[in-house]
Every structure is written in C-alpha cells, then in structure tokens.
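Structural overview
This is what each chain is made of:
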Amino acid sequence: MKECLTVAMPKGRIFEEAVVLLREAGYDLPPEFDESRKLIVDIDNENMRFILAKPTDVPTYVEYGVADIGIAGKDTMLEEDRDVYEVLDLKISPCHMAVAGLPNKEMSSVAPKIATKYPSIASSYFRAKGEQVEIIKLNGSIELAPLIGLADRIVDIVSTGRTLKENGLVEYEHIVDVTSRLIVNPVSFRMKAKTIDMLVERLSKVVEGNE
Ligand code: PRP
C-alpha cells in the first residue's frame, strides 16, 4: 500500500506547467484534472490528493502540514517566509522581480512611494539599499499605480515584459530571478521520506532533462 501524499498546487499560471512536469515524471494525472473546478482532487491510482490553492497560500498549507508538499514561486517563498523545506528548483514559470516606473522620472526625494503585492520583499530591498520608502500594498494591477500618481515606483513580477511595455513603464532595477520550487513540510519530510524522496528524484530527472 503506497503512502498517500497531499500536494498543494497553485491555481493559475504555474498550474499548467506544474501538471506537465508531474506527467513527465510519470504521474498518471487524468485529462479532466486540467479543467476541473474542484478544489480537492483525489488521484486514487497514484495515491495522491491535490488541493488547488491560491498561489500565495501554498506555503501556508505546507507549513501547517495540511499538504505534505507544494509548488510555489520563489517570489511567494520570499514574501511569505514560511517554515518549509525548499527541496527542488523546478525551473518552471521563470520571471524576475523588478523595480519599475515611468521613464525619465526620478523618485521623490522625500518618502517615495512604492506600490507592490510584495510588501516584505520591497521593504527589505529598499532597507538594504539604505533608502527610506513608503510601501503601498496593492493586490493586483500594480502597474496602474505610477500611471495614476499613486506611487513613484512599483515592485512587481516581470515575465514577458508586455505589461510594462503596454503601459509605458520601464524597468529600473532587477531584484531577483524567480522560478517555481517544490516545497515540503518538515514533518512529512521525515514521516513520508520514501515517497517524497522518490517524487523528488523523478522530478529532478525531468528538470535536468529539460535543461
Ligand atoms: C503579473 C505581474 C505583472 C504581469 C507581468 O500579474 O504582477 O502585472 O503578470 O507579466 P508580463 O511581464 O508577462 O506582462 P498577474 O497577471 O498575475 O495579475 P495581477 O495584476 O492581478 O497581479
């Protein structure tokens, strides 16, 4: 009898690539899996349960042990700072985090405003540079902020660069490269070592093969 593994999967842009990777690693996920709106999907033949979560919540489910493993962007890992093991760089959904704003526009010299979905990453970044800024937390469409005068700069993910370009914004600073990671709950890592090791090994081979 195989051990059951609960996997927290991020809904949205990482999901599709993560499913491809799992299938390449030999996990038999049925075609319905991709289209389903169910939030808990049991794949009995693999003894796996998938929970479909908001990407930023994946590390939370894994930290609390309601999922043994999860797939999360490095951006989310840095922002959430959860007590989980990051065991493998899956090298999917590559993008980077950047400081961007309107072209040829200096930041205000007094308390410049930075709009972002990543307040923790943004404040650490500017603190490390010795710059005092005011962080404005938004939940999406961050690129709006400099356009309508809410902020001097944004800290956000750049993938293709299309959103910046189409909104007339430019990148000023590169903060960090981002890819998706396989994360593991520390207790599950010990209790389900064999099953998790096997999964990591199978996924590692696929990742290496894709390079
Ligand atoms: C992300 C990010 C940028 C955009 C970058 O937003 O916040 O806005 O994608 O991608 P690009 O460089 O390929 O244009 P997302 O689509 O997740 O939506 P959001 O605005 O709700 O954050």
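This text follows the structure it describes.
Residues numbered from 1 in each chain as written. Predicted model: local features only at pLDDT ≥ 70, side-chain atom pairs only at ≥ 80, totals over all residues. Heavy atoms only, no water.

A grouping of Leu144, Leu147, Ile148 and Leu150 is seen on the molecular surface, where their side chains present a nonpolar patch of about 350 Å² in accessible area. If you trace the backbone, Leu144 turns up in helix α6 (residues 144-147). (Patch = residues over 30% accessible without salt bridge, like charges linked within 9 Å, V, L, I, M, F, W, Y side chains within 5 Å. Areas by Shrake-Rupley, 256 points an atom, 1.4 Å probe, with all protein chains shown as cover. Salt bridge = Lys/Arg side-chain N within 4 Å of Asp/Glu carboxyl O. Helix = DSSP H or I, 4+ residues; strand = E, 2+ residues; numbered from the N terminus.)

In this structure, Asp44 sits in the loop between β2 (40-43) and β3 (48-53). Under the relative-accessibility criterion, Asp44 is labelled exposed at 67%. Note: C-alpha distance between Asp44 and Leu29 (15 residues apart in sequence) is 9.9 Å. (Buried < 20%, exposed > 50% of the residue type's maximum accessible area, 1.4 Å probe, protein only.)

A separate point is the site of the ligand. With respect to spatial proximity, 13 residues lie near the ligand, and among them Arg13, Lys117, Glu143, Thr160 and Thr163 are the closest. Here an oxygen atom of the ligand sits 2.4 Å away from a polar atom, N or O, in the side chain of Lys117. Contact with the protein chains covers 72% of the free accessible surface of the ligand, which is 500 Å². Secondary structure elements with two or more residues in the shell around the ligand: β9 (153-158) and α7 (162-166). (Near = heavy atom within 4 Å. Polar contact = N/O pair within 3.5 Å; in protein donor to acceptor, adjacent residues only side chain to side chain.)

This part is about helix α9 (residues 193-210). Its 18 residues give α9 an end-to-end C-alpha distance of 25 Å, which sits within 8% of 26 Å, the value for a rise of 1.5 Å per residue. Taken together, the buried positions of α9 are occupied by Thr195, Ile196, Leu199, Val200, Leu203, Ser204, Val206 and Val207. An end-on view of α9 places all buried positions within 165° of arc, on one side of the element. Away from its buried face, by an angle of more than 90 degrees, α9 presents the exposed residues Lys194, Lys205, Glu208 and Gly209. (Expected span 1.5 Å × (residues − 1). Arc of directions from axis to C-beta.)

Shape descriptors only; they carry no functional weight alone.
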